[in-house]
Every structure is written in C-alpha cells, then in structure tokens.
Amino acid sequence: MLDALGTTDSDGPGTCTDLAAGYTELRTLAGRPSLLDPRVAHAVHLCTLHDPDLPITSIAIEVGLSAPRLRALVRQDVGIALARLRRWGRLRTAIAHLPDSTAALAAATAGFADQAHLTRTARDFIGRTPASL
C-alpha cells in the first residue's frame, strides 16, 4: 500500500502521492465496497443533513422500517449507531452557526439541550470546544 501511494518510509504519503494507485491497491486488498441500502442512505440523510431532531420513529416510518430494525441496519451498514450519527448532524449544524452567533445560540439552533451539551459533544467528537473553533 505504501509503495502504491509513493512513500519511501512508514511516515505516511510523500509529496508525490498517487491516490489512484493507492485506491486500486486498497480495492485489491479489501474488495469492492458494498452498496448502502437505499433506506439506510435516506435515513442517514434525514437525521444528519435534513433534520437532526426528527424522531427516529418518524424516520423509520418514512423509510418503511420499524425503529429497531432501522437502528440495526444503520449499525450494520454504516458501522455507527444512528443516535451517534444524529449527534454528528447536530454538531455539524452548530459549528456552521458558530461564526455568526454565540455558542449558546448555535447550540439551541442545532437542537442541543444547552451550551454545555454542545461543548461535551464537540469535545467527545472532535477533541475541541466550540470556543476553540
């Protein structure tokens, strides 16, 4: 893999990285990626980009699954719990609002319970607080 990327040591890619060769080598080693179930893709879109506050039962109904089955499929296909994906969506929304507002307003806009909830989530997910962003 390192040879395909054009590295000379194990420190990582060099300045002449060949990403196409690296991708080809990765596909040789790992195989073709499996297609994401369209119901899962739609549910992930709904809870991360469209409306992070939409109840999971509403998302499940929209994609034609029960809530427990949707949670299981998301974990199986994506590898992350649906609740964690929703928190990522809220965090993304809050970070997008930070340049134009206070951390408390960004937290409220994104659906966090309060500023402390946003701060804990940011620290857990990205290792930084909203104030440091």
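Residues numbered from 1 in each chain as written. Predicted model: local features only at pLDDT ≥ 70, side-chain atom pairs only at ≥ 80, totals over all residues. Heavy atoms only, no water.

The next point concerns the packing of aromatic side chains. Across all of its chains, the model carries one aromatic pair by this definition. Between the aromatic rings of Trp88 and Phe125, the centroid separation amounts to 4.5 Å while the plane-to-plane angle is 45°, which identifies the pairing as tilted. Here the residue Trp88 occupies a position in helix H6 (residues 82-97), and Phe125 occupies one in helix H8 (residues 115-126), the gap between them amounting to 37 residues. (Phe/Tyr/Trp six-rings, centres within 6.5 Å; stacked < 30°, edge-to-face > 60°. Helix = DSSP H or I, 4+ residues; strand = E, 2+ residues; numbered from the N terminus.)

With that out of the way, let us pick up the confidence of the model for the protein chain. Residue-level pLDDT values for the protein chain average 84, and 85% of them are 70 or greater. Mean pLDDT per element in the protein chain: helix H1 (residues 2-5) is the minimum at 64, and H8 is the maximum at 94. (pLDDT = per-residue confidence, 0-100.)

The N-to-C vectors of helix H4 (residues 56-63) and helix H5 (residues 67-78) enclose an angle of 85°; their axes lie 8 Å apart at closest approach. In terms of their interaxial angle, H4 and H5 are classed as roughly perpendicular. Here H4 contributes Ile56, Thr57, Ile59, Ala60 and Val63 to the contact with H5, which in turn contributes Ala67, Leu70 and Arg71. Residues of the contact of H4 with H5, tallied by class, amount to six nonpolar, one polar and one charged. (Axes fitted to C-alpha atoms, helices over the stretch in contact; angles between N-to-C directions. Parallel < 35°, antiparallel > 145°, perpendicular 65-115°, else oblique. Contact = heavy atoms within 4.5 Å. Nonpolar A, V, L, I, M, F, W, Y, C, P; charged D, E, K, R; others polar.)

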